[in-house]
Amino acid sequence: MTSYGKIRNYNGKTGCGTITPEQGGAPLDFVKADLQQEAAEPKAGERYGYDTRQMSGGKPHAVNLQQDRQHDQAQQQQG
């Protein structure tokens with residue numbers, strides 16, 4: 001099931017970032033390889049859909065991130 005959240009931060013040099021779930025909870029880590037559009041770097045505040053996978057050590061990790069362009073365009077038009 002796809003969850004949604006906003007990018008909290010992303011470091012293009014290391015290819016690592018975090019996303020804050022809309023439904024609450026702790027921010028989830030992700031890496032560039034988890035992005036569906038690897039060419040585009042995510043920016044703080046952008047809304048992404050993602051799946052969650054348990055990584056070694058039991059910590060959840062965001063995977064299969066895909067930008068929710070429709071939501072971001074609607075936000076730009078409103079404000």
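Description of the structure in this document. Please read all numbers here as calculations on a predicted model, not as lab measurements.

1. Notes on the side chain of His61
Piece 1. Inspection of the secondary structure assignment puts His61 in strand β5 (residues 60-67).
Piece 2. A polar contact of 3.3 Å, which involves the side chain of His61, links it to the backbone oxygen of Asp29.
Piece 3. Within the structure, the side chain of His61 is placed 2.9 Å from the side chain of Asp34, a separation counted as a polar contact.
Piece 4. The residues touching His61, leaving out its near neighbours within four places in the chain, are Asp29, Phe30, Val31, Asp34, Asp51, Thr52, Arg53 and Met55.

2. Quick notes on the pattern of salt bridges
Piece 1. Within this structure, the stated rule accounts for three salt bridges.
Piece 2. Notably, a salt bridge pairs Glu22 with Arg47, separated by 2.6 Å at the nearest N-O pair. Note that Glu22 is positioned in the loop between β2 (16-21) and β3 (28-31) and Arg47 in strand β4 (residues 47-54), a separation of 25 residues in sequence.
Piece 3. Given the relative accessible area of 40%, Glu22 is considered partly exposed.
Piece 4. Lys59 is the partner of Asp29 in a salt bridge, and the nearest nitrogen-oxygen pair spans 2.9 Å. Here Asp29 is found in strand β3, whereas its partner Lys59 is found in the loop between β4 and β5, with 30 residues between them in sequence.
Piece 5. The exposure class assigned to Lys59 is partly exposed, which follows from its relative accessible area of 46%.
Piece 6. Look at the salt bridges and you will find they share partners, linking Glu22, Arg47 and Asp68 into a network.

3. Quick look at the nonpolar core
Piece 1. Within the largest apolar cluster, 10 residues are counted, these being Ile7, Tyr10, Ile19, Leu28, Phe30, Leu35, Tyr48, Tyr50, Ala62 and Leu65.
Piece 2. Elements with a minimum of two residues in this core: β1 (3-11), β3, β4 and β5.

Definitions and cut-offs
Residues numbered from 1 in each chain as written. Predicted model: local features only at pLDDT ≥ 70, side-chain atom pairs only at ≥ 80, totals over all residues. Heavy atoms only, no water. Helix = DSSP H or I, 4+ residues; strand = E, 2+ residues; numbered from the N terminus. Polar contact = N/O pair within 3.5 Å; in protein donor to acceptor, adjacent residues only side chain to side chain. Contact = heavy atoms within 4.5 Å. Salt bridge = Lys/Arg side-chain N within 4 Å of Asp/Glu carboxyl O. Buried < 20%, exposed > 50% of the residue type's maximum accessible area, 1.4 Å probe, protein only. Core = buried A, V, L, I, M, F, W, Y, C linked by side-chain atoms within 4.5 Å.

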